[in-house]
Amino acid sequence: MRTPLRLAGILVVITGLVASAESLPVPAEALHRVIIPSSDEVAWQEIPWTIDLLEARRTAAREGKPIFLWQMDGHPLGCT
Amino acid sequence: MAGRALAFSDRAIIETIRERFVPAAGDDWYRRRQQDPVGRFYRKVALQRGGWDGDSTRQGLYCLTASGKLLAYRNTSSPEHVKRLLDDALERWRALDESERRPRELDPGEAAATDSEDRRYARPVPDGALVIRVHARELDRKPDGTFCKAPPRDRFQNLGSLDHLWIRDEEWRRLAPPAGAEVGTTYALDPEIAHRIARFHLVDNTRGEPPFWARHEVRRLELALEVVSLEHDVVRLTLGGDAHLGTRRGDRGYTPRLAGTLEYDRSSKRFTRFDVVAVGDHWGRGRYTPHERPGKAPLGIAFVLADGSTAADRVPPQAARDIDLYFAAR
């Protein structure tokens, strides 16, 4: 008797979950667009960053350029 | 984040770095610790700034030669300061001999760098993993109940954050609809993935490195998937549910609802869409996230599948510093 009851309980919970998701106050797609960064906010990605410092050194030696290293406590290309 | 929005959104800075430098980025937390050629090289450069206890952060902007000679350094997100830094570095660069600007060989041991990588601090994207970009943003609630971006504040421009959610190959296969699934089939999200999302990605990282949620701070977490359409090989799923995350003292918390759409291609056996949002009231601060808004205020978090087109898509989740905990969040 306990197993069917437990299964029924799980189904009730899951049904309730989907219903609660539908009660999001705004359409999810519209909210997604508000939160995702705009093209202006991702201008920093126009810089061809590498996260491989060894690769950067090899490229710098080959092309005769200095390295610009952006080093943060928490990766600057993703963390905050 | 301020650097991304300020200095590295400045057109002149972008062009100068693109044309005159080899741009690289890294996490100081790993590099100041790793005992391998990359870590040693980084510390050699950082030591040229002088006065280091060998332990604390050395974050900032470095201009250097391929051999590791420091040309200029500053820790700033001000566009004017960055422009001056670049000018200073290029002036010193021009004064160098050609042999320093274009060395024929790098330091000994460099060739074996990959083989001798310090694996305690290596965080490659796991083979076959789903990489999902995660963006958080402060929102305001409008009178009609919808949301908009919160207006800029004095020190914070209401910037969208960026982190990454990793779901390993064997894990995302458990997200796929079960055999024989039909429209209306509903199933709970795998609890390991649900807890990873809740503890490490339903966080306020809009002002700095956030505190993550401890296991006992997950007060409620219910996420489920429902098959909503089956067209040819594409299964469309909705993800929905809610969470209550909060400290024992109640001084920090988040109560989001989640909703979104996933698409699974049964022929290629790949997820091709992962558009999910979380929205709800957040309150409180962490050690590195002061200056929160007063009281409870809406925080939105959006998830979207990464396409691997940028170096950023290979950056590990912030919480992956403790990689074992990250993959065993439940």
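Keep in mind that this is a model prediction, so the values were computed, not measured.

Undergrad: Got a minute to help me understand the overall build of chain A in this structure?
TA: The number of helices and strands found in chain A is three helices and one strand. Counted from the first residue to the last, chain A has its helices and strands arranged as α-α-α-β. Burial statistics for chain A: of 80 residues in total, 40% are counted as buried.

Undergrad: Can you help me understand the overall build of chain B in this one?
TA: When its secondary structure is counted, chain B shows nine helices and twelve strands. Counting only C-alpha atoms and orienting by the principal axes, one finds that chain B spans roughly 70 × 45 × 35 Å. The proportion of buried residues among the 330 residues of chain B is 39%. Sequence-distant contacts in chain B: of pairs separated by 6 or more residues, those separated by 24 or more amount to 61%.

Undergrad: So what exactly am I meant to see when it comes to the interface of chain B and chain A here?
TA: One frequently used descriptor of interface size is the decrease in accessible area upon assembly of the parts. Each partner contributes residues to the interface: chain B has 82 residues there, and chain A has 53 residues. Top element by residues in the side of chain B that touches chain A is strand β1 (residues 22-27) of chain B. It accounts for six residues. Across the side of chain B that touches chain A, the residue classes tally to 40 nonpolar, 23 polar and 19 charged. Of the pairings in the sheet, the one linking strand β1 (residues 67-72) of chain A to β1 of chain B comprises six bridges and is parallel in character. Across the sheet, I67 of chain A pairs through a bridge with V22 of chain B, a residue of β1 of chain B.

Undergrad: Explanation requested: the confidence of the model for chain A in the structure shown.
TA: Any region with low pLDDT has predicted coordinates that should not be read closely. Residue and element names in this part refer to chain A. A residue-level look at chain A finds 71% of positions with pLDDT of 70 or above and a mean pLDDT of 78. Taken element by element, the predicted model of chain A shows its lowest mean pLDDT in helix α1 (residues 2-22) (42) and its highest in β1 (96). When the criterion is pLDDT under 50, residues 1-21 qualifies, and its contacts beyond four places in sequence or with other chains add up to 23 contacts.

Undergrad: When you look at the nonpolar core in this model, what are you seeing that I'm missing?
TA: General note: in soluble globular proteins, nonpolar side chains tend to be found buried as a group. Ranked by size, the top nonpolar core spans 53 residues in total, and within it I132, A198, L202, L239, V277 and I301 of chain B carry the most contacts. Residues in contact with I132 of chain B, not counting those within four places in the same chain, are H164, L165, F274, F303, V304, L305 and A306 of chain B. F68 and L69 of chain A together with A89 and A312 of chain B belong to the second largest nonpolar core, which has 43 residues in total.

Undergrad: I would appreciate a short explanation of helix α4 (residues 37-47) of chain B in the present structure.
TA: Because an α-helix completes one turn every 3.6 residues, residues spaced three or four positions apart along the sequence face the same direction. Buried residues of α4 of chain B: P37, V38, F41, Y42, V45 and A46 of chain B, and no others. Down the axis of α4 of chain B, the buried set is contained in an arc of 165°. They therefore lie on one face. Contacts made by the buried residues of α4 of chain B are with α3 (53-63) of chain A together with α3 (28-31), β2 (60-64) and β3 (70-74) of chain B.

Undergrad: How should unusual backbone geometry be read in this particular structure?
TA: The general pattern is negative phi for most residues beyond glycine and trans for most peptide bonds. All names here are of chain B. Residue K269 is not a glycine yet carries a positive backbone phi of 55°. Given 11 C-beta atoms within 10 Å, K269 falls into the exposed group. Even without a glycine there, the phi angle at H291 is positive, about 65°. When you line up the elements, H291 lands in the loop between β11 (270-283) and β12 (297-305).

Undergrad: Is there a simple way to explain the pairing of strand β9 (residues 234-246) of chain B in this structure?
TA: In the case of a regular strand, side chains alternate between the two sheet surfaces. Residue and element names in this part refer to chain B. In terms of burial, β9 is a largely internal element, ten of the 13 residues being buried. When strand β8 (residues 218-231) meets β9, the two strands line up antiparallel, connected through twelve bridges. If you follow L230 over to β9, its bridge partner there is V235. Once β8 ends, the chain turns through two residues before running back antiparallel as β9, passing H232 with a positive phi of about 55°. Where β9 folds back onto strand β10 (residues 253-265) in an antiparallel hairpin, the turn is made up of six residues, including G250, whose phi is positive at roughly 80°.

Undergrad: How should I be thinking about the pairing of β2 of chain B in this particular structure?
TA: Counting buried positions along β2 of chain B gives four out of five residues, so the element sits mostly inside the fold. Bridging between β1 of chain A and β2 of chain B involves five bridges; their strand directions are antiparallel. Paired with Q71 of chain A across the strands is G60 of chain B, a residue of β2 of chain B. Where β2 of chain B and β3 of chain B come together, four bridges link them in antiparallel fashion. Residue pairing across strands places Y62 of chain B opposite Y73 of chain B, the latter belonging to β3 of chain B. Counted between consecutive antiparallel strands, the loop separating β2 of chain B from β3 of chain B contains five residues, among which G68 of chain B sits at a positive phi close to 105°.

Undergrad: How should I be thinking about the packing of helix α2 (residues 11-20) of chain B against helix α5 (residues 79-94) of chain B in this particular structure?
TA: The relative placement of two packed helices comes down to the angle between their axes together with the axis-to-axis distance. Residues and elements named next belong to chain B. The contact between α2 and α5 brings their axes to 10 Å, and the two run at 25°. Comparing their axes, α5 and α2 come out roughly parallel. Where α2 crosses over α5, the two elements pack in a sense that is left-handed. Residues A12, I13, T16 and R20 of α2 lie in contact with α5, whose contacting residues are P79, V82, K83, L86 and L90.

Undergrad: Quick question: what am I supposed to make of the environment of Q318 of chain B here?
TA: For Q318 of chain B, the location among the structural elements is in the loop between β12 and α9 (323-326). What Q318 of chain B contacts, discounting residues up to four positions off in sequence, is G74 and C79 of chain A together with D163 and E209 of chain B.

Undergrad: Got a minute to help me understand the sheet that holds β3 of chain B in this structure?
TA: The strands making up a sheet associate through hydrogen bonds between their backbones, and the pairing can be parallel or antiparallel. Spatial ordering of the open sheet is given by β1(B)-β1(A)-β2(B)-β3(B), a layout of four strands whose pairing is mixed. Of all the strands in the sheet, just β1 and β3 of chain B have a single pairing partner and so form its edges. For this sheet the average axis-to-axis angle between neighbouring strands, irrespective of direction, equals 20°. Lying on the sheet, α3 of chain A is in contact with β1 of chain A together with β1 of chain B; it crosses β1 of chain B at an angle near 165°.

So, how was this worked out
Residues numbered from 1 in each chain as written. Chains lettered and ligands numbered in written order. Predicted model: local features only at pLDDT ≥ 70, side-chain atom pairs only at ≥ 80, totals over all residues. Helix = DSSP H or I, 4+ residues; strand = E, 2+ residues; numbered from the N terminus. Buried ≥ 20, exposed ≤ 12 C-beta atoms within 10 Å, placed from the backbone. Contact = placed C-beta atoms within 7 Å. Nonpolar A, V, L, I, M, F, W, Y, C, P; charged D, E, K, R; others polar. Pairing = 2+ DSSP bridges. pLDDT = per-residue confidence, 0-100. Core = buried A, V, L, I, M, F, W, Y, C linked by C-beta atoms within 7 Å. Arc of directions from axis to C-beta. Axes fitted to C-alpha atoms, helices over the stretch in contact; angles between N-to-C directions. Parallel < 35°, antiparallel > 145°, perpendicular 65-115°, else oblique. Left-handed = near helix turned anticlockwise from the far one by under 90°.

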